[in-house]
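Results of the structural survey
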Amino acid sequence: MDAVLVVNADLGPLHRVTVQHAIRMLCRRVAEIHEAEPDQLIGVFPLPRVVRLVRYVVTRWRFSAGPAWSRAGVLRRDGRRCAYCDAPASTIDHILPRSRGGRNTWKNTTAACYECNQRKGDRTPGEAGMPLRREPVTPSWAALAGR
């Protein structure tokens, strides 16, 4: 276990932190254990899976515009699966190629395996004869934090 989910006082997901950071939060008493690994201890604390903040943190900004686009976010949103063949994905493909004015946006990018990305090249999926298995969407904060 290398990441611990941090949830707000109302149990809304916020982000993930390392186990060491989670233990520091417990020592400072800004969080308490919500869910832990059974029979595993770190000092006096059970090994946390989920920690809950003691006080509610206002996160209005999380619900206004949504998360900013990032390569890691696209891979996480798509479950690291290729949108063309469902193989493990390691690259990002622009549906409308950048050379034709395609931008780095949630709805114009998708995860792709190296082979499909090379085969599609500088064409749209329709021109390349490679239909998308799923349409890209703009994810919510909770969707990105929950994986």
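In this text the structure is predicted, and so the values were computed from the model without any measurement.

**Looking at the nonpolar core**
- Of all hydrophobic cores here, the largest spans 13 residues; its most connected members are V4, V6, V17, M25, V51 and L53.
- Looking at this core element by element, the count peaks at five residues for helix α1 (residues 19–27).
- In this structure, L53 is in contact with V6, V7, N8, A9, L14, M25, V30 and A31, ignoring residues within four places of it in sequence.

**Remarks on the sheet that holds strand β1 (residues 4–7)**
- Ordered in space as β2-β1-β4-β3, the four strands form an open sheet in which the pairing is mixed. The open sheet terminates on both sides in strands that have one partner only, identified here as β2 (13–17) and β3 (31–42). With strand direction ignored, the average angle separating the axes of adjacent strands in the sheet is 25°.
- Strand direction decides the pairing type here: β1 and β2, joined by four bridges, are antiparallel.

**Examining the environment of E115**
- Mapped onto the elements of the fold, E115 is located in helix α4 (residues 114–120).
- Distance from E115 to T91, taken between C-alpha atoms, is 9.7 Å for residues 24 residues apart in sequence.

**Observations concerning the UniProt feature "domain: HNH nuclease" (unreviewed entry) in the protein**
- Sites flagged by UniProt as "domain: HNH nuclease" (unreviewed entry) map to residues 69–118.
- Counted over residues 69–118, helix gives 24% and strand 16%. Its end C-alpha atoms are 22 Å apart.

**Details of the side chain of D78**
- Residue position: D78 is located in the loop between α3 (71–77) and β5 (91–94).
- At 2.8 Å, the side chain of D78 and the backbone nitrogen of A111 are in polar contact.

**Observations regarding the pattern of salt bridges**
- Scanning the model with the defined rule gives seven salt bridges in all.
- Between K120 and D93 there is a salt bridge whose closest N-O contact spans 3.3 Å. Of this pair, K120 sits in helix α4 while D93 sits in strand β5, and the two are 27 residues apart along the sequence.
- Residue K120 is classed as buried on the basis of its relative accessible area of 1%.
- Residue classification places D93 among the buried residues on the basis of a relative accessible area of 2%.

**Notes on the domain arrangement of the protein**
- By domain assignment, the protein separates into domain 1 (3–61) and domain 2 (71–135).
- For domain 1 and domain 2, the distance between their C-alpha centres works out to 35 Å.

The rules we used
Residues numbered from 1 in each chain as written. Predicted model: local features only at pLDDT ≥ 70, side-chain atom pairs only at ≥ 80, totals over all residues. Heavy atoms only, no water. Core = buried A, V, L, I, M, F, W, Y, C linked by side-chain atoms within 4.5 Å. Buried < 20%, exposed > 50% of the residue type's maximum accessible area, 1.4 Å probe, protein only. Helix = DSSP H or I, 4+ residues; strand = E, 2+ residues; numbered from the N terminus. Contact = heavy atoms within 4.5 Å. Pairing = 2+ DSSP bridges. Axes fitted to C-alpha atoms, helices over the stretch in contact; angles between N-to-C directions. UniProt positions renumbered as here; feature names shortened; annotations may be inferred. Polar contact = N/O pair within 3.5 Å; in protein donor to acceptor, adjacent residues only side chain to side chain. Salt bridge = Lys/Arg side-chain N within 4 Å of Asp/Glu carboxyl O. Domains from an automatic or database assignment.

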